[in-house]
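Spelled out from the first residue to the last, the chains are:
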Amino acid sequence: MDPSSPRVVGAVLAVWVALSASLIIFNAELLNSFRHPVLLTCWHQFVSVVLILCVRAAFPSLVSTGDPERGIAPLTLWSAVGMGLPVAVCQSIGLVSGNTAIMYLSVAFCQMIKAFTPACVYASGCAFGTQQWSVPIAKCLFIITFGLMVTSLGELNFNLFGFVMQVIALVSEGLRITFLELRLKAQGHKLNALSSVMVFAPMVCVMLFLSALVFDQSAFDVEQIAEIGVGIFGANAVVAFLLNVAIYLAIQCASGLVFTLAGILKDFLIVAGSCALQGTQISTTQLVGYTMALAGLQAYGVVSRSPSDFEDGVVMAMLRKALDGEKEASEPLSQISTEPGEPNSFEDDEESSHGQAKSGAAWLGNWSEDTRAVEVVG
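Residues numbered from 1 in each chain as written. Predicted model: local features only at pLDDT ≥ 70, side-chain atom pairs only at ≥ 80, totals over all residues. Heavy atoms only, no water.

Peer 1: Go over the overall build of the protein, please, and point to the residues and values.
Peer 2: For the protein, the count of helices and strands is 13 helices and 0 strands. Burial status across the protein gives 56% buried among its 378 residues. Roughly 16,000 Å² of accessible area belongs to the protein as shown, and the carbon and sulfur atoms make up 68% of that amount. (Helix = DSSP H or I, 4+ residues; strand = E, 2+ residues; numbered from the N terminus. Buried < 20%, exposed > 50% of the residue type's maximum accessible area, 1.4 Å probe, protein only. Areas by Shrake-Rupley, 256 points an atom, 1.4 Å probe, with all protein chains shown as cover.)

Peer 1: An account of the packing of helix H2 (residues 37-58) against helix H8 (residues 193-215) is needed here, citing residue identities and associated values.
Peer 2: Where H2 meets H8, the axes come as close as 8 Å, and the angle between the chain directions of the two elements is 145 degrees. As for the relative orientation of H2 and H8, their crossing is left-handed in sense. Here Val-38, Leu-39, Thr-41, Cys-42, Gln-45, Phe-46, Ser-48, Val-49, Ile-52 and Arg-56 of H2 lie close against H8, whose contacting residues are Leu-194, Val-197, Met-198, Ala-201, Pro-202, Val-204, Cys-205, Leu-208, Phe-209, Ser-211 and Ala-212. (Axes fitted to C-alpha atoms, helices over the stretch in contact; angles between N-to-C directions. Left-handed = near helix turned anticlockwise from the far one by under 90°. Contact = heavy atoms within 4.5 Å.)

Peer 1: Give a detailed account of the nonpolar core, specifying residues and quantitative values.
Peer 2: Ranked by size, the top nonpolar core spans 43 residues in total, and within it Leu-184, Val-199 and Phe-200 carry the most contacts. Of all the elements in the fold, those that place two or more residues in this core are helix H1 (6-33), H2, helix H3 (77-101), helix H4 (107-113), helix H7 (160-183) and H8. Setting aside residues up to four positions removed in sequence, Leu-184 forms contacts with Leu-75, Met-83, Phe-179, His-189, Leu-191 and Phe-200. Counting 30 residues, the second-largest nonpolar core is a separate cluster that includes Val-8, Trp-16, Leu-194 and Ile-251. (Core = buried A, V, L, I, M, F, W, Y, C linked by side-chain atoms within 4.5 Å.)

Peer 1: Any details on the UniProt feature "transmembrane region" (unreviewed entry) in the protein? Residues and values, ideally.
Peer 2: As recorded in UniProt, the feature "transmembrane region" (unreviewed entry) lies at residues 7-26, 38-59, 71-95, 101-123, 135-154, 191-213 and 225-251. Split by type, residues 7-26 is 100% helix and 0% strand. Its first and last C-alpha atoms lie 28 Å apart. Counted over residues 38-59, helix gives 95% and strand 0%. Its end C-alpha atoms are 31 Å apart. (UniProt positions renumbered as here; feature names shortened; annotations may be inferred.)

Peer 1: With reference to specific residues and values, describe the pattern of salt bridges.
Peer 2: One pass over the full model with this rule turns up 2 salt bridges. Ionic pairing is found between Glu-173 and Arg-176, a salt bridge with its closest N-O pair at 2.9 Å. Here Glu-173 pairs with Arg-176, and both are found in helix H7, just 3 residues apart, close to one helical turn. (Salt bridge = Lys/Arg side-chain N within 4 Å of Asp/Glu carboxyl O.)

Peer 1: Give a description of the side chain of Ser-124 that names residues and reports values.
Peer 2: You can see Ser-124 is positioned in helix H5 (residues 117-128). In this structure the side chain of Ser-124 is engaged in a polar contact, spanning 3.0 Å, whose partner is the backbone oxygen of Val-121. Other than its neighbours up to four places away in sequence, Ser-124 contacts Gly-174, Leu-175 and Thr-178. (Polar contact = N/O pair within 3.5 Å; in protein donor to acceptor, adjacent residues only side chain to side chain.)

Peer 1: So what's going on with the packing of H2 against helix H10 (residues 230-253)? Residues and values would help.
Peer 2: The contact between H2 and H10 brings their axes to 9 Å, and the two run at 60 degrees. Classified by the interaxial angle, the pair formed by H2 and H10 is oblique. In the packing of H2 onto H10, the handedness of the crossing is right-handed. On H10, the residues touching Leu-40, Trp-43, His-44, Val-47, Ser-48, Leu-51, Ile-52 and Val-55 of H2 are Phe-233, Gly-234, Asn-236, Ala-237, Ala-240 and Phe-241. Here the residues of the contact of H2 with H10 sort into 10 nonpolar, 4 polar and no charged. (Parallel < 35°, antiparallel > 145°, perpendicular 65-115°, else oblique. Nonpolar A, V, L, I, M, F, W, Y, C, P; charged D, E, K, R; others polar.)

Peer 1: Quick one: what's the story with helix H6 (residues 135-153), residue by residue and with numbers?
Peer 2: An α-helix turns once per 3.6 residues; consequently, residues spaced three or four apart project the same way. Helix length check: H6 (19 residues) gives 27 Å between terminal C-alpha atoms against 27 Å at 1.5 Å per residue, within 8%. Those residues of H6 that sit buried are Pro-136, Ile-137, Cys-140, Leu-141, Ile-144, Gly-147, Leu-148, Val-150, Thr-151 and Ser-152. (Expected span 1.5 Å × (residues − 1).)

Peer 1: So what's going on with the side chain of His-36? Residues and values would help.
Peer 2: For His-36, the position within the fold is in the loop between H1 and H2. Here Asp-216 takes part through its side chain, which lies 2.8 Å from a polar atom of the side chain of His-36. When near neighbours in sequence (up to four residues on either side) are disregarded, His-36 contacts Leu-31, Asp-216, Ser-218, Ala-219 and Gln-224.

Peer 1: Explain the packing of aromatic side chains to me, using residue names and the numbers behind them.
Peer 2: A complete count under the given rule lists 10 aromatic pairs for this structure. With 5.1 Å between their ring centres and 85 degrees between their planes, Tyr-104 and Phe-161 make a pair best called edge-to-face. Here Phe-161 lies in helix H7 and Tyr-104 lies in the loop between H3 and H4, a separation of 57 residues in the sequence. According to the relative accessible area criterion, Phe-161 is partly exposed, its value standing at 42%. Here Phe-109 and Phe-163 contribute two aromatic rings whose centre-to-centre distance is 6.4 Å and whose plane-to-plane angle is 20 degrees, an arrangement assigned as stacked. (Phe/Tyr/Trp six-rings, centres within 6.5 Å; stacked < 30°, edge-to-face > 60°.)

Peer 1: I'd like a rundown of a nonpolar patch on the surface, residues and numbers included.
Peer 2: Together, Leu-85, Val-89, Ile-93, Phe-158, Leu-160, Val-164 and Ile-168 make up a nonpolar patch on the protein surface, roughly 540 Å² of accessible area in all. Of all elements in the fold, only H3 and H7 reach the threshold of two or more residues within the nonpolar patch. Checked against the element boundaries, Leu-85 lands in helix H3. For Leu-85, a relative accessible area of 36% translates into the label partly exposed. (Patch = residues over 30% accessible without salt bridge, like charges linked within 9 Å, V, L, I, M, F, W, Y side chains within 5 Å.)

Peer 1: Hey, could you go over helix H12 (residues 284-303) for me, with residue numbers and the actual values?
Peer 2: Between its terminal C-alpha atoms H12 stretches 29 Å, which fits the 28 Å expected from 20 residues at 1.5 Å a residue. Along H12, the residues classified as buried are Gln-286, Gly-289, Tyr-290, Ala-293, Gly-296, Leu-297, Ala-299, Tyr-300, Gly-301 and Val-303.

Peer 1: Give me the environment of Val-315: which residues, what numbers.
Peer 2: Position of Val-315 relative to the elements: it lies in helix H13 (residues 314-324). With a relative accessible area of 57%, Val-315 lands in the exposed category.

Peer 1: An account of the environment of Leu-13 is needed here, citing residue identities and associated values.
Peer 2: As for its position among the elements, Leu-13 is in helix H1. Exposure remark for Leu-13: the relative accessible area of 9% places this residue in the buried category. A C-alpha to C-alpha distance of 8.9 Å links Leu-13 and Cys-253, two positions 240 residues apart in sequence. Ignoring sequence-local partners within four residues, the contact set of Leu-13 consists of Ala-250, Ala-254, Val-258, Phe-259 and Ala-262.

What follows is the structure in structure tokens.
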């Protein structure tokens, strides 16, 4: 069967959307009774390490980090640690912070706040030189920021600690993507949703396990774990890993435009699912603010591809494009680009990937939602 056929693409995207929405709600419900986000995230990473090693044994080409055509050798253990440790640190902080946030905020509100991810990616990119300052992009990010300010004002059960945790998760995600660009992709190493698990999950697992031992020893309460059920924890971790597999397949099958549109549907379903399953109430002010943020988010996705086309004004330039009937290019997302200065494809990205780091849309191409606290995977 043709992997690019509408039926296959639709099925893969449906699985990705379902797994992503299920996991974040699953995590939120589990953390209501097991309030130890560090150990839960560590458990996700441990199971992912075990399963990705099985994938590597059966299909080694799926997790290759080298490029024989360009003479780039795969990452060794020490080279992965040396180059990837800053990325893993940011990933650890982001995942734990994101999982902590959903203990204090509704899933719907957390998902709305995640619209701020592009601003964090862009700001960190400008700070470290992987992005270039652009007034049109800044205008789009201002709209997103203003919309989220309105959204926050309309939140009926606002919790400052949870909000700060979610912001830390987004800032960590921006730094993670920037460090990934500087440390790994600039060296030509290819990473996808599966190879990124193989590279970063072991480091994240070790760091979080040591953190839990030092700061949260009560998390190792065997009776509490048994009361909730080992099967529940196992299912939760397997869903997290399967989500990475789904992201990998979606990137292989879908075009950039279709993938992005499916991501919008996914965000809507997570918000709707939170309302339906958790009884979350959304105010009119929140809906207005989130609509503004989404409009800015979509404008950002267009403007970031060619900021110079919008120097004379974002709104007028977008109207001209619409009137001219200009269509978005639908290039495959098969493999994230690793060439410096060449666009990527995804989180996120998490979930990511749940984005192109160099094109200013890295948030769209986050091949591993595990890497995006944005998707609170892990």
